[in-house]
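Structural features, examined
Letter by letter, the chains look like this.
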Amino acid sequence: MGQDLILQVKNLVTAFDTETGKIRAVEDISFEVKKGKTLGIVGESGCGKSVTSLSIMRLLPKPAGSIESGSIILDGVDLTKLPIDKMHKVRGNRISMIFQEPMTALNPVQKIGQQLGESYKLHYPQMTDDEIRKTSIELLDKVGIPVPERRVDEYPHQISGGMRQRVMIAMALACKPDILIADEPTTALDVTIQAQILELMKELQRETGMSILFITHDLGVIAELCDDVVVMYAGKVVETAPVKELFKNPKHPYTKGLLNSIPKLANTRKIKLDTIEGMVPSLYELPKGCRFQNRCGCVGNECDQTPNLSAVGSNHYAACHKL
Amino acid sequence: MSEHLLEVNNLKMHFPIHGGIFWKHIGNVYAVDDVSFNIKPGETVGLVGESGCGKTTVGRTILHLYDPTAGRVIFDNQDISKLPKKKLRQLRRDIQMIFQDPYESLNSRHTIGEILKEPFVIHGIGAEAERTAEVKKLLLKVGLSENVMTRYPHEFSGGQRQRIGIARAVALKPKMIICDEPVSALDVSIQSQILNLLLDLQQDMNLTYIFIAHDLAVVRHISDRVAVMYLGKIVEFTDADSIYENPLHPYTQALISAIPVPDPEADTSKKQILIGDVPSPINPPSGCRFHTRCPMATDMCVEREPTLQAAKGTSGEAHLVSCHYA
């Protein structure tokens, strides 16, 4: 494993047992997160991007969800095979996660200070309460919360959505993780607050050198924050490339469609937007072969075979027969 | 006769807050505070702003879902702000609404046929057979097939449900539709389909839209003129191109600069990042409501409230802005 890689996901398959049979929300995906860099996973609802992050954290809903095969390697250790008590030591300490909705992710009946201190209590049992309080206040100050001495004794409902997301970030960063998984952290926030949070994440990354796995549906956020991008569609990786290459030179018809269908500020007004016709197939009735074929403009006979990711440029891979 | 289909004059919507042991009136949420604008027939006016700025309340007050605290709403040369309940029904035939959440705005126990026939039933239009024929036409118009009439909302995806919501809104051939965040809950590839549908319908049926959204790129795409709202007030109102190319209000400038641009090579060094959160509409700041976050606020901004007026170098209603320094 290369020196500059921190996390490698190889041929991951995550399946859910449902009343109507087993479905594979994520099927055979592979990607790598580089040290100190940001990898973005982009895709629409149901493409499997959140399931991927939950698989890495081993937080899949039990008993329905399970990792069927594949490996998730953090610094040479396969997380999928780790006993659960060892996994507890990884979570929060080596890999942390922040979620979309900061109100539901925080405990409403615990003070912010208590929730922040929890990770220290778990991972650094030798710290005293005074030390924990002091470090928590410093941490809140670092994520840009005004008057942190007062905020530690407040409850989540007393602060705004943007502030709550800052608290979430502070909690995630408490133990200086190697990787921060951010699952749509700014989707519920207003644009001006989103800009604040993105700036904060960039700043903290510069300071701590952590890697970020950023999951979003917003291509604008991807362009602004990420170094490399993975595009997912219906549980599969369809394209992966460095960010500039992906936006300049998209190869997969889905990526192209996605980029063309966003209204741009510079666009002429009231002109018809390009669309991707139809909708994402249900995981219960996936088409045979390429999963994008029912919406693709350039579908051919070979598309009933599953395409593999193949090189289409330097560090640029796409899964399409027509390239 | 006015050239405008809708005129909103000094509209105010204050929601009372009650509290204490005697449930006394202890304050107000100043959701919409002195908003004026007008719309010509066939035009699309976008209302943008962040959560809590009052954009949705403006839409609902126009439709008379709330009784306005003060101000006048003139629709089709008729003052509708003081209309008696009986006359409201006719009004709501002419002004329809499309909602944000396609999952909650359709009755899950009714079939699509029943949902779409309801407007005709309420207004007593046509016999059963005619209604069915109309519904079939509507479904085709919004890009669904006729045989979905017997199915239930849960069988459809978000984008398809939004199409059903749109079909219901255009059923009675309204003059104006208030679209309240119609694409915010949808994926990008579906979002563009719905925007195209809205543009098509506008052309076919000569509709007038009020388009409420927080996504500025979407609003620019569909609107002729755009009003930017902040804490219950319009801070800037001009045509869609000027608002993006030449924003004058510091809030508009910050809002536009905060949008992530889908181009990794875009210059982000000049990005303006506002500090702090939107203040509470219960206790809005004195003077200019934006002064607590404005990078160029002075003492004058704290003391005196600016009015929405023609920007320097413009005349009439071409470019209205509410800032002492614009």
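None of the values given here were measured: they were computed from a predicted structure.

Reading the values: rules and limits
Position numbers for residues count from 1 along each chain, tracking the sequence in the order it is written. Ligands are numbered from 1 and chains lettered from A, in the order in which they are written. For a predicted model such as this one, the threshold for reporting local features is a pLDDT of at least 70, and the threshold for listing and counting side-chain atom pairs is 80 or more; totals across whole chains, interfaces and linings nevertheless cover every residue. Side-chain numbers come from the whole structure's heavy atoms, not from hydrogens or water. Here, nonpolar core refers to any group of buried Ala, Val, Leu, Ile, Met, Phe, Trp, Tyr and Cys residues whose side-chain atoms link them within 4.5 Å. Each residue gets one of three labels from its accessible area relative to the maximum for its type: buried under 20%, exposed over 50%, partly exposed in between, using a 1.4 Å probe on protein chains only. Put simply, DSSP H or I for four residues or longer makes a helix, DSSP E for two residues or longer makes a strand, and each gets a number counted from the N terminus. In this description, contact between two residues means that some pair of their heavy atoms is separated by no more than 4.5 Å. Any carboxyl oxygen of Asp or Glu that lies within 4 Å of a side-chain nitrogen of Lys or Arg is treated as forming a salt bridge with it. Between 30 and 60 degrees the pair is tilted, below 30 it is stacked and above 60 it is edge-to-face, where a pair is any two Phe, Tyr or Trp rings, Trp via its six-membered ring, whose centres lie within 6.5 Å. In this analysis a 1.4 Å probe is tested at points of a 1 Å grid over the protein atoms alone, and where it fits but cannot get out there is a cavity; an open set with protein on both sides within 12 Å along at least five of seven lines is a pocket; lining residues have an atom within 4 Å of a point. Grid points are joined across faces, edges and corners, and a volume is the space filled by probe spheres set on the points. Under the convention adopted here, Pro, Cys and the residues Ala, Val, Leu, Ile, Met, Phe, Trp and Tyr are nonpolar, Asp, Glu, Lys and Arg are charged, and Gly plus all remaining residues are polar.

**Things to note about the nonpolar core**
If you look at the biggest cluster of nonpolar residues, it comprises 64 residues, and the most contacted ones within it are Leu139, Ile166, Ile177, Leu198, Leu201, Phe211 and Tyr251 of chain B. Sort the elements by how many residues they give to this core and helix α6 (residues 188-205) of chain B lands first, with eight residues. Sequence-distant contacts of Ile177 of chain B, that is, excluding residues within four places in its chain, are made with Gln96, Met97, Ile98, Ala169, Val170, Leu207, Thr208, Tyr209 and Ile210 of chain B. Grouped together as the second largest cluster of nonpolar side chains are 59 residues, Leu140, Val152, Tyr254 and Cys296 of chain A included.

**Side note on the pattern of salt bridges**
For the structure on display, the rule yields 32 salt bridges over all chains. A salt bridge links Lys142 of chain A to Glu207 of chain A; the shortest N-O distance between them is 3.8 Å. One end of the pair, Lys142 of chain A, is in helix α5 (residues 129-142); the other, Glu207 of chain A, is in helix α8 (residues 191-208), with 65 residues separating them in the sequence. A salt bridge links Asp241 of chain B to Arg220 of chain B, with the nearest nitrogen and oxygen atoms 2.6 Å apart. Linking Asp241 of chain B in helix α8 (residues 240-245) with Arg220 of chain B in helix α7 (residues 216-222), this pair joins segments that are 21 residues apart in sequence.

**A look at the packing of aromatic side chains**
Residues and elements named next belong to chain B. Following the criterion strictly, the structure yields nine aromatic pairs over all chains and no others. With centroids separated by 5.2 Å and ring planes inclined at 65°, the aromatic side chains of Tyr251 and Phe290 adopt a geometry described as edge-to-face. Placement of the pair is Tyr251 in helix α9 (residues 250-258) and Phe290 in the loop between α9 and α10 (299-303), with a sequence separation of 39 residues. The class for Tyr251 is buried, based on a relative accessible area of 0%.

**Points about empty space enclosed by the protein**
Throughout the structure, instances matching the rule amount to two cavities of 30 Å³ or more. Looking at the largest cavity, its volume works out to about 70 Å³. The wall of the largest cavity is formed by His249, Pro250, Cys288, Phe290, His291, Cys294, Met296, Ala297, Cys301, Cys323, His324 and Tyr325 of chain B. Tallied by class, the residues present in the lining of the largest cavity amount to nine nonpolar, three polar and no charged. In this structure, the second largest cavity spans a volume of roughly 60 Å³. Together, His252, Pro253, Cys290, Phe292, Gln293, Cys296, Cys298, Cys303, Cys320, His321 and Lys322 of chain A line the second largest cavity.

Take it as geometry only, folks, not as evidence of what the structure does.
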